[in-house]
Protein chains: 2
Amino acid sequence: MDKLNKTIESIGSLHEDVMDKAQERLNNLLKPPGSLGKLESIAKQLSGITGEIFNRVHKKAIIAMCADNGVVEENISSFPKDVSYLVAQTMATGISGVAVLARHAGSELVVVDMGLDKDIAIAGIINKKIRYGTSNIAKGPAMTADEAVQAIETGIEITEKAIDSGVNLLGTGEVGIGNTTTSSAVLHAFTGENPDKLTGRGAGLDDEGLERKKEIVKTAVKINKPDPDNAIDVLSKVGGFDIAGLTGCFLAAAARRVPIVIDGFISGAAAVAAVKINPKAKFFMMGSHVSEEPGAKIIMKILGIEPMLKMNMRLGEGTGCALAFNIVEAATEMMNRMGTFADIGM
Amino acid sequence: MDKLNKTIESIGSLHEDVMDKAQERLNNLLKPPGSLGKLESIAKQLSGITGEIFNRVHKKAIIAMCADNGVVEENISSFPKDVSYLVAQTMATGISGVAVLARHAGSELVVVDMGLDKDIAIAGIINKKIRYGTSNIAKGPAMTADEAVQAIETGIEITEKAIDSGVNLLGTGEVGIGNTTTSSAVLHAFTGENPDKLTGRGAGLDDEGLERKKEIVKTAVKINKPDPDNAIDVLSKVGGFDIAGLTGCFLAAAARRVPIVIDGFISGAAAVAAVKINPKAKFFMMGSHVSEEPGAKIIMKILGIEPMLKMNMRLGEGTGCALAFNIVEAATEMMNRMGTFADIGM
């Protein structure tokens, strides 16, 4: 709990004064003011984060948290549980979606076993297993409060290590059959919003499966009664090791003042949890795309973040972050290299 | 007219059979079917264009057409006419928005003087000047039909040259104070849609300027009476040398079966003109972002194209294409490098 509390306390605000200076430069660049839209807001946010007008991405990493979810025994996923393990393996061997797209983006991919239901036998996956999958949230809490803190602190540790190695642009990803169900439950617990609006087909549920999933989301929150004002209570009762781990990533990135990109629905649920723990964590987050999951739009509304991409993607893994990284870098190029009106004597 | 007719006649359809095979591979990749959204549709479109399941971007170029518009004398722009010339220069010297973003994307930038009102004295701009700016569309036709054909054929020539040099991914861009007015007029002529819905603030018009601009768009179409079924008539009467040139780019890319990305509102108006000339031209187009100009959404609806980015950009120049290129390349990486279910024994 020490590590977590220290991290929470270290989160500061944006450097408003530097953002003002960044805005001044943006207004002087050779374009109508504001006409480069989100490229400009990204550049300005980076200035607020780093305290520098000119920024450069030195090293990128996507942290992918892998974990199994006990709730899959309720038959709420179109894929069997074993797939979590298989996908985590393909991340490590470089043939999963995010592995390919991270490589394309020149980004590292950090794959973490937070609680897969099987021992990983291959290299390239960091073993931080908390337990062999969570308990079934339809029948009781996913994990203990201590385990939730352990998962968050693991996320903090992994993120700090990446930052210590020189990473100054982070992305979030995950693998875990059943984790759109837990994410919907987390969101339902935090917002009280109708589960019908928060629950989607995940990897491809049919109508019947979707109805069952909605019921499970309702049941999980009803029987566990998570306290919406206590993020650790919410994460431990209806979350997962992946979501809790990612919550730690968002908190650590904020504490260390490194921009961190939200991927899809599950990363977004973790981002909401991080903001519930410390609202300032939001300052350091960027949106990549809006997942096709219906709850994703609600997450972006809660966070007040407008994503950059409209790709109709719903794979997760961190794939949206890999695409967003190039845009963040484009924003720094714009800021650092575009000419000003003064340059052309206007 | 020969070159144009030959180009129009050369435009073929997509290779549906190869697209089916591409879809088969997409379905076998390690992900729920369709879960990589537009990355998948881009990969499939590329297969339909090239006839190959696996594609690779070898060389990219954004073609930026620069021209002045006589209609600026109606006071419909927040910037003076000289700015067209200045921006074209900054493209050539590498400090304009698209110059910086194209460099970031590893793309060439081909800057063409289609009809700037001033002689360009610096290297790096291809001189294809048709005239020193068009005539004022509020008082008569922008250009003669012959000039419109010449502009389209110039676009064809420039595009063919780029493709001959090895470019296999094209983007479109432009510079020209007043060209959101001509684009709105072109769109109004083609669709009959209320100019209020097609006309925006361009580089930053105030309310009064916007009302004036809407009136000018109405007047231009009313007095010139362009035939909505004759794209050359529309382009010559209410278009510009930039829009007509870009129309040629879209037609030549289609004829030579090279994917071409639409940038913003002006590029979009040219894309509509190309599709009016030959509906098959659409098969070879991709959307990048939706400009903040209100008419941009209508263009994407006419074309049936869903852009990839949601960046709130409205600079033009080809800036959206520069960002989209990385996503097109990501789509090829996904197709070429992701593993299949068979690879992991499923």
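Small disclaimer: the values here were computed from a predicted structure and weren't measured. (Residues numbered from 1 in each chain as written. Chains lettered and ligands numbered in written order. Predicted model: local features only at pLDDT ≥ 70, side-chain atom pairs only at ≥ 80, totals over all residues. Heavy atoms only, no water.)

Q: Which parts of the structure should I look at to understand the sheet that holds strand 5 (residues 260-262) of chain B?
A: Across a sheet, paired strands are connected by hydrogen bonds in the backbone, their directions being either parallel or antiparallel. Residues and elements named next belong to chain B. Strand order in the open sheet formed by six strands is 3-2-1-4-5-6, with parallel pairing between adjacent strands. At either end of the open sheet lies a strand with only one pairing partner, and these are strand 3 (125-127) and strand 6 (285-287). Going from strand to strand, the sheet's axes swing by 30 degrees on average, the running direction of each strand aside. Here strand 2 (residues 108-115) pairs with strand 3 via three bridges, running parallel. Opposite Val111, over in strand 3, you have Ile125 as the bridge partner. (Pairing = 2+ DSSP bridges. Helix = DSSP H or I, 4+ residues; strand = E, 2+ residues; numbered from the N terminus. Axes fitted to C-alpha atoms, helices over the stretch in contact; angles between N-to-C directions.)

Q: Explanation requested: unusual backbone geometry in the structure shown.
A: Excluding glycine, most residues fall at negative phi; most peptide bonds, likewise, are trans. Residues and elements named next belong to chain A. You will see that Asn312, though not glycine, has its phi angle at about 55 degrees, which is positive. Look at Glu317: it is not a glycine, yet its phi comes out positive at around 70 degrees. Within the secondary structure, Glu317 sits in the loop between helix 13 (294-303) and helix 14 (319-337).

Q: Would you explain the sheet that holds strand 2 (residues 108-115) of chain A in this entry?
A: Residues and elements named next belong to chain A. A sheet is described by the order of its strands in space; here six strands give the open sequence 3-2-1-4-5-6, paired in parallel fashion. Looking at strand neighbours, the two that pair on one side only are strand 3 (125-127) and strand 6 (285-287), the edges of this open sheet. Put simply, the sheet's adjacent strands are angled 30 degrees from each other on average, direction ignored. Helix 11 (residues 241-255) contacts strand 1 (60-67), strand 2, strand 4 (169-175), strand 5 (260-262) and strand 6 of the sheet and is inclined by roughly 155 degrees relative to strand 1. (Contact = heavy atoms within 4.5 Å.)

Q: How should the interface of chain B and chain A be read in this particular structure?
A: Many structure descriptions define interface size as the accessible area lost when the parts assemble. In this assembly, 48 residues from chain B lie in contact with 48 residues from chain A. When chain B packs against chain A, the two sides together hide about 4,000 Å² of surface, and 70% of this comes from carbon and sulfur. Seen at the junction of chain B and chain A, the total is zero salt bridges. For the pair chain B and chain A, the number of links is 18 residue pairs in polar contact (both at pLDDT 80 or more). Among the secondary structure elements, those contributing two or more residues to the side of chain B that touches chain A are helix 3 (37-50), helix 4 (82-93), helix 5 (97-104) and helix 14 (319-337) of chain B. Per-element accounting of the side of chain B that touches chain A gives the leading share, nine residues, to helix 14 of chain B. Considered class by class, the residues forming the side of chain B that touches chain A number 26 nonpolar, eleven polar and eleven charged. (Buried area = accessible area lost by both parts, 1.4 Å probe. Salt bridge = Lys/Arg side-chain N within 4 Å of Asp/Glu carboxyl O. Polar contact = N/O pair within 3.5 Å; in protein donor to acceptor, adjacent residues only side chain to side chain. Nonpolar A, V, L, I, M, F, W, Y, C, P; charged D, E, K, R; others polar.)

Geometry only, nothing functional implied.
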